[in-house]
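Take a look at the letters that make up each chain.
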Amino acid sequence: MLHGPIELHAGLTTPQKVCFFFNAQLHHVFHAMPLAVEMSRDPRFSVDIVAMTGDHIALARDIARRHGATNLHFVHVTGPLLSAITGMTGGTTPPKLPALAAARKLLVEYDAIVVPERTSLLLRFAGLRKTAFIHTCHGAGDRAVGYDKRISQFDFVLLAGEKQRRRMLDKGLIREGHYAIVGYGKFDLTEGRLPDRLFPEERPVVLYNPHFSARLSSWPDMGLDVIRQFARDDRFNLIVAPHIRMYDNRRRRAAMERRLAEFAGLPHIHIDLGSPASVDMRYTRMASVYLGDVSSQVYEFVVSPRPCLFLDAHRADWQGNPNYRHWQYGPVHQSSDHVVDKVEAAIAWHEIYAPAQRHGVAETFDREQGRASVRAARAVGDFLAYRAEGRRLSRMAPTRSPKRDMLVHE
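Residues numbered from 1 in each chain as written. Predicted model: local features only at pLDDT ≥ 70, side-chain atom pairs only at ≥ 80, totals over all residues. Heavy atoms only, no water.

A.B. asks: I'd love a proper account of the sheet that holds strand β2 (residues 45-51), names of residues and values included.
C.D. replies: The strands making up a sheet associate through hydrogen bonds between their backbones, and the pairing can be parallel or antiparallel. What the seven strands build is an open sheet, ordered β3-β2-β1-β4-β5-β6-β7; its pairing is parallel. Bordering the open sheet on either side are β3 (73-76) and β7 (179-181), each of which pairs with just one other strand. Taking each pair of neighbouring strands and ignoring which way they run, the sheet shows an average axis angle of 20 degrees. Relative to β7, strand β6 (residues 156-159) runs parallel, the two being bridged by three bridges. Note that in β7 the partner of leucine 158 across the bridge is alanine 180. Against the sheet, helix α2 (residues 54-66) contacts β1 (16-22), β2 and β3, and its axis sits at roughly 170 degrees relative to β3. (Pairing = 2+ DSSP bridges. Helix = DSSP H or I, 4+ residues; strand = E, 2+ residues; numbered from the N terminus. Axes fitted to C-alpha atoms, helices over the stretch in contact; angles between N-to-C directions. Contact = heavy atoms within 4.5 Å.)

Below you can see the structure in the form of structure tokens.
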């Protein structure tokens, strides 16, 4: 881990070019833009936001405006072929490999690229061998995919807390001097923001937040049953906000919206299949109870300990499994039967689970040393400065002649 600012050699006067590259769904913007905002205030760097859709650019611009970041530059990578491919697939974002091909000529010009995902590491095989790749992660959950072996290929990794550090060190994904625990930058973007009012009646709000992975999610087997039970009951308001990747295909989303049309007019049911509100923490701040399965958003909810319950649609062998640690934060049910009664029971028994929630949050998010985005900008900035200084000194080192190194024996 790096400590303190570094004084640069007087010859290093040209700012390093840093790109924040968004090549996946919209939620990644919230995980990297806090760092971009802070780094844009550092004269050592020239910071660009490069994204594959206009929606990403619009969201990034809005975040920059709200946080007073005036030195950012925004680049939307597009083209007829990429638009045609995206149209054929029906995705809300272009497929990653064609997107990387389209962006490669631009990205090769940067000294460093910051990404919340891992696929962009393929750019190393497309000529970007000298570029520093910085990983912000996108969430701080427990699933094994958050500890992907590709993380070891990054030059520098930002971690939310001790939980990530310990698991990544155990798996050999990070090494000393090439990571920093900085906290959770997404929290910085939501400070002071109040959620919009969604429901006419004041009732406790339940957030149902199923994951997109079919082999882990409760949605395919239980989702509609959950909504129907809440629709028939007036004890709670219900927000249904599946993981944004579940319906990131426009055709799939339209088909599901037709299936859910029967609930559209109900005043106590709000369904969101992928708007920015589903990922900007508006719902996790608003809700009184979390109902879900394996999404990392549960940690954005229990940062203020509140009742949780989990639906296990696959009879997982979860006890003692670190990939399901968050299932210690509330009761786990293998059936959605009587789910509204189960929510009431989870509220009544919350104090049993509250200590586990507080302990899990303390290990997941380091919040002891100020704002995460400021800490992250200092860590990344100093790492890149050390790296640039090392390269400068390497270029200055004299090349020794082989003849000078020969020992003459007489």
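Back to the write-up after that little detour.
A.B. asks: Hey, could you go over the packing of aromatic side chains for me, with residue numbers and the actual values?
C.D. replies: By the definition in use, this model includes 13 aromatic pairs. Summarising the aromatic geometry, the rings of tyrosine 290 and phenylalanine 301 are spaced 5.6 Å apart at their centres and angled 40 degrees between planes, so their arrangement reads as tilted. With tyrosine 290 in strand β11 (residues 289-292) and phenylalanine 301 in helix α10 (residues 297-302), this residue pair connects regions lying eleven residues apart in the sequence. The exposure class assigned to tyrosine 290 is buried, which follows from its relative accessible area of 1%. For phenylalanine 301, a relative accessible area of 0% gives the class buried. Both rings, one in tyrosine 299 and one in tyrosine 329, keep their centres 5.7 Å apart while their planes meet at 90 degrees; by these two values the pair is edge-to-face. (Phe/Tyr/Trp six-rings, centres within 6.5 Å; stacked < 30°, edge-to-face > 60°. Buried < 20%, exposed > 50% of the residue type's maximum accessible area, 1.4 Å probe, protein only.)

A.B. asks: Describe the packing of helix α1 (residues 27-39) against α2, listing the residues and the values that go with them.
C.D. replies: Running from amino to carboxyl end, α1 crosses α2 at an angle of 45 degrees, the nearest separation of the two axes being 10 Å. When the interaxial angle is binned, α1 and α2 end up oblique. Seen from above, α1 lies across α2 with right-handed handedness. Across from Val29, Phe30, Met33 and Val37 in α1, the residues of α2 making contact are His56, Leu59, Ala60, Ile63 and Ala64. When grouped by side-chain class, the residues that make up the contact of α1 with α2 number eight nonpolar, one polar and no charged. (Parallel < 35°, antiparallel > 145°, perpendicular 65-115°, else oblique. Left-handed = near helix turned anticlockwise from the far one by under 90°. Nonpolar A, V, L, I, M, F, W, Y, C, P; charged D, E, K, R; others polar.)

A.B. asks: Tell me about the pattern of salt bridges, and name the residues and values.
C.D. replies: For the structure shown, the criterion picks out 24 salt bridges. Put simply, glutamate 38 and arginine 41 hold a salt bridge, and the shortest N to O gap is 2.9 Å. Close ionic contact of aspartate 142 with lysine 163 constitutes a salt bridge, the shortest N to O distance being 2.9 Å. On the criterion of sequence distance, the pair formed by aspartate 142 in the loop between β5 (132-135) and β6 and lysine 163 in helix α5 (residues 162-170) is long-range, its members being 21 residues apart. In this structure lysine 163 comes out as buried when scored by relative accessible area, which is 3%. Overlapping salt bridges bring together Glu162, Arg165, Arg166, Arg325 and Glu363 as one network. (Salt bridge = Lys/Arg side-chain N within 4 Å of Asp/Glu carboxyl O.)

A.B. asks: Can you explain α1? Please cite residues and give values.
C.D. replies: In the structure, α1 departs most strongly from a straight axis at methionine 33, where the bend amounts to approximately 35 degrees and where the proline proline 34 lies between one and four residues downstream. Burial within α1 is extensive, with 13 of its 13 residues counted as buried. (Bend = angle between axes of the 7 residues up to and from the residue.)

A.B. asks: Please provide a residue-by-residue account of the pairing of β11, values included.
C.D. replies: Burial along β11 is two-sided: the face carrying Val289 and Leu291 and the face carrying Tyr290 and Gly292 are both buried. Alignment of strand β8 (residues 205-209) against β11, held across four bridges, turns out to be parallel. Opposite leucine 207, over in β11, you have tyrosine 290 as the bridge partner. In this view, the connection linking β11 to its parallel neighbour strand β12 (residues 308-311) by way of α10 has right-handed handedness. (Right-handed = clockwise from strand over helix to strand, strands pointing away.)

A.B. asks: How would you explain the packing of α1 against helix α13 (residues 372-396) if you had to name every residue and give the values?
C.D. replies: Close contact between α1 and α13 brings their axes to 8 Å; oriented N to C, the two are set at 65 degrees. Relative to α13, α1 is oriented roughly perpendicular. As α1 packs across α13, the resulting crossing turns out to be right-handed. Taken together, the residues of α13 that come into contact with α1 (itself represented by Pro34, Leu35, Glu38 and Met39) are Ser373, Val374, Ala376, Ala377, Val380 and Leu384. Residues of the contact of α1 with α13, tallied by class, amount to eight nonpolar, one polar and one charged.

Take it as geometry only, folks, not as evidence of what the structure does.
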